[in-house]
Amino acid sequence: MYTILILGSGGREHAFIHSLHKSPLCQKIFVAPGNGGTDDFAENVVLDIKNFESVAQFVLGNKVDIVVVGPEAPLVEGIVDYFRSEKLKHIKVVGPDAFAAQLEGSKAFAKKFMQKYNIPTAGYLEVSSGNIEEGYHFLDKLSPPYVLKADGLAAGKGVLILNELSEAKEELSLMLSGKFGDASSKVVIEEFLDGIEFSVFALTDGRNYALLPQAKDYKRIGEGDTGLNTGGMGAVSPVPFVTDELLDDVIKSIIDPTIQGIGLEKMSYKGFVFFGLILVKGKPYVIEYNCRMGDPETEVVLPRLDEDLLSLFLSLFDNSLETHICQEIPGYATTVMLVSGGYPGDYEKGKKISLSDHSEGTIFHAGTKKSEGLLKTEGGRVLAVTSLAPTMDQALKASIGTAEKIHFDGKYFRRDIGVDLKEK
Ligand code: AMP
Ligand code: GLY
């Protein structure tokens, strides 16, 4: 029996808890810091997850066997490396080490890796202040729109897509002079790929992998995918246009060479690889790698996973993981994110949430907090309502039905999650 500590506080982490607590091998789950809903099947712990020493003290003091790292920041900052010390090395930490986490933490590192292993991705140039002229020339040769990416983590804001050449050149210069701080001291300029995005997820031990259900998320705040980018307003799984043939192509041209590359580079990687893909004229390309699960993708992927998540985690550490496509629960999962009024701009926190009489689906908490016995909003993305049904339509209707019955001041959600995929 295993004691687990999950690091993070969003819907993704709540979905991890729901899957893990069902495992016959699960003894106890802690979550740090968790949120207003994660205490249903886990114990919330007050810990600064960027302070690895305090995480380690908690782990040792509470006989934690497995640490599951939700967000990317602790991975990029080396939590896996920290747990290599003599007194901690018996702890299983799900995630890549800092070197491998550069696949997400440095766009230039990821592009070089893809180029080296012949993984299809947009053409690019890496630019720093030393070769800005070369950057301008590269932009001259591209056609609009122009894609500029800060090399490092920039809280999801480091990618600019610009229509005018002059604007692209100006932004390149601003980025290199610190528009996103250190994160944009290097910039990757990319060819624009015109297509439809989707995501696949693998759990790897650095050699073999388990392929999880695919998903598509909806990033814009407005219906019809309009308006500002958000952390994600909803997601669906599976993705109807991802046929067996396309999945086969993705496996052969992207997933296999990525996992082989991870092995050949001798990366220490025992965790999730999130492949952000785009389908252009029938061919899949990598837009980005993430070294963790997605949010809200996890809220549709894990409810459809018909395998024991804890056993999969354990298999990463004893060489027993075999490469396979995971068993999936048939039908569709849809998650609809309820957000605070004003998000992704300024919004108010502390609004009382009433969840009374929700009838269908699972409510994963994201930005919520319990205070004085009341549930209150605590973030931009507040709750994710996931439903499973034989059709995507039914799943979406069920999620919307529940979303309508939840109340808090300023509540907003999109009603069109997955609707564009229905006819495809
Ligand atoms: P990234 O952080 O690299 O995933 O980029 C954020 C978003 O920008 C992606 O989800 C895409 O919607 C868009 N994007 C990034 N790179 C490209 C590209 N080369 N062509 C078209 N769209 C892109
Ligand atoms: N939903 C996108 C992400 O988690 O990065």
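Residues numbered from 1 in each chain as written. Chains lettered and ligands numbered in written order. Predicted model: local features only at pLDDT ≥ 70, side-chain atom pairs only at ≥ 80, totals over all residues. Heavy atoms only, no water.

Colleague: I'm lost on the overall build of the protein chain in this one. Help?
Modeller: Broken down by element type, the protein chain carries twelve helices and 23 strands. Expected size for 424 residues packed as a compact globule is a radius of gyration near 22 Å; at 21 Å, the protein chain falls within 12% of this value. Principal-axis analysis of the C-alpha atoms places the extent of the protein chain at approximately 60 × 50 × 45 Å. Counting all 424 residues of the protein chain, 57% fall into the buried class. (Helix = DSSP H or I, 4+ residues; strand = E, 2+ residues; numbered from the N terminus. Rg over C-alpha atoms; globule rule 2.2 N^0.38 Å. Buried < 20%, exposed > 50% of the residue type's maximum accessible area, 1.4 Å probe, protein only.)

Colleague: Which parts of the structure should I look at to understand the site of ligand 1?
Modeller: Taken together, 14 residues sit near ligand 1, with K149, E190, L193, E197 and E288 positioned nearest. Between ligand 1 and the protein, one listed contact pairs an oxygen atom with a side-chain N or O atom of K107 at 3.0 Å. Here a nitrogen atom of ligand 1 and a backbone polar atom of E191 are 2.9 Å apart. Protein burial of ligand 1: of its 470 Å² of free accessible surface, 84% is covered by the chains. (Near = heavy atom within 4 Å. Polar contact = N/O pair within 3.5 Å; in protein donor to acceptor, adjacent residues only side chain to side chain. Areas by Shrake-Rupley, 256 points an atom, 1.4 Å probe, with all protein chains shown as cover.)

Colleague: Sorry, what's going on with the site of ligand 2 here?
Modeller: In the vicinity of ligand 2, the residues found are D217, G231, F274, N290, R292, G294, D295, P296 and E297. In this structure, D295 approaches ligand 2 through a main-chain N or O atom, which is 3.0 Å from a nitrogen atom. A per-class count over the shell around ligand 2 returns two nonpolar, three polar and four charged. (Nonpolar A, V, L, I, M, F, W, Y, C, P; charged D, E, K, R; others polar.)

Colleague: Where do I start with the packing of aromatic side chains in this structure?
Modeller: When we look at a pair of aromatic rings, we describe it by the centre distance and by the angle of the planes. What the rule picks out here adds up to 13 aromatic pairs. Each ring, one from F198 and one from F241, has its centre 5.5 Å from the other, and the planes form 85°; the classification is edge-to-face. On the criterion of sequence distance, the pair formed by F198 in strand β10 (residues 196-204) and F241 in the loop between β15 (234-237) and α9 (244-264) is long-range, its members being 43 residues apart. The burial state of F198 is the same as that of F241; both residues are buried. Note on Y343 and Y347: the rings are 6.3 Å apart at their centroids and 65° apart in plane angle, and the pair reads as edge-to-face. Its relative accessible area of 30% is what places Y347 among the partly exposed residues. Put simply, the rings of F113, Y117, F275 and Y289 pair up and form one aromatic cluster. Seen from the ring of Y218, K216 lies directly overhead, with NZ or CZ sitting 5.5 Å from the centre. (Phe/Tyr/Trp six-rings, centres within 6.5 Å; stacked < 30°, edge-to-face > 60°. Lys NZ or Arg CZ within 6 Å of the ring centre and 35° of its normal.)

Colleague: Would you mind showing me how to read a nonpolar patch on the surface here?
Modeller: On the surface, V159, I161 and F192 cluster together to form a nonpolar patch covering roughly 250 Å² of accessible area. By the secondary structure assignment, I161 is in strand β8 (residues 159-162). (Patch = residues over 30% accessible without salt bridge, like charges linked within 9 Å, V, L, I, M, F, W, Y side chains within 5 Å. Salt bridge = Lys/Arg side-chain N within 4 Å of Asp/Glu carboxyl O.)

Colleague: Sorry if this is basic, but what is going on with the nonpolar core here?
Modeller: Note that soluble globular proteins tend to have their nonpolar side chains buried in a common cluster. Ranked by internal contacts, the top residues of the largest apolar core, which has 75 residues, are F198 and Y289. The element contributing the most residues to this core is α9, with eight residues. Excluding residues that lie within four positions of it along the chain, Y289 makes contacts with L103, E104, A110, F113, M114, I119, T258, V273, F274 and F275. Listed in part, the 34 residues of the second largest apolar core include I4, F16, F274 and C326. (Core = buried A, V, L, I, M, F, W, Y, C linked by side-chain atoms within 4.5 Å. Contact = heavy atoms within 4.5 Å.)

Colleague: Is there a simple way to explain helix α7 (residues 132-141) in this structure?
Modeller: Among all positions in α7, only I132, G135, Y136, F138 and L139 are buried. Take α7 and look down its axis: the buried residues cluster within an arc of 160°, on one side only. The outward face of α7, more than 90 degrees from its buried face, is lined by the exposed residues E133 and K141. Those residues of α7 hidden inside the fold are in contact with β6 (124-128), β7 (146-150), α8 (165-176) and β9 (186-190). (Arc of directions from axis to C-beta.)

Colleague: Help me out: how do you make sense of the packing of α7 against α8 in this one?
Modeller: When two helices pack together, you describe them by how their axes are tilted relative to each other and by the distance separating the axes. For the pair α7 and α8, interaxial distance at closest approach is 10 Å and the crossing angle is 155°. The angle between α7 and α8 falls in the class roughly antiparallel. By crossing handedness, the relation of α7 to α8 is classed as right-handed. In contact with I132, G135, Y136, L139 and D140 of α7, α8 contributes L165, A168, K169, L172, S173 and L176. (Axes fitted to C-alpha atoms, helices over the stretch in contact; angles between N-to-C directions. Parallel < 35°, antiparallel > 145°, perpendicular 65-115°, else oblique. Left-handed = near helix turned anticlockwise from the far one by under 90°.)

Colleague: Just to check I follow, could you spell out the pairing of β9 for this structure?
Modeller: Two faces belong to every sheet, and in a regular strand the side chains alternate between them. Counting buried positions over the five residues of β9 gives four, a clear majority of the element. Two strands pair when backbone bridges link them, and β6 and β9 are joined in this way by five bridges, in the antiparallel orientation. The partner of L125 across the bridge, within β9, is I189. Note: β7 against β9, four bridges, orientation antiparallel. Within β9, the position partnered with L148 by the bridge is I189. (Pairing = 2+ DSSP bridges.)

Colleague: Can you help me understand the side chain of E171 in this one?
Modeller: Structurally, the position occupied by E171 is in helix α8. By relative accessible area, which is 14% here, E171 ends up buried. In this view, E171 contacts L148, L160, L162 and K179; residues no more than four positions away in its chain are not counted.

Colleague: For this particular structure, what's the right way to read the sheet that holds β8?
Modeller: The strands that make up a sheet pair up through hydrogen bonds in the backbone, lying either parallel or antiparallel. What the four strands build is an open sheet, ordered β6-β9-β7-β8; its pairing is antiparallel. Looking at which strands have only one partner, the edges of the open sheet turn out to be β6 and β8. For this sheet the average axis-to-axis angle between neighbouring strands, irrespective of direction, equals 20°.

Keep in mind these numbers describe shape, not what the thing actually does.
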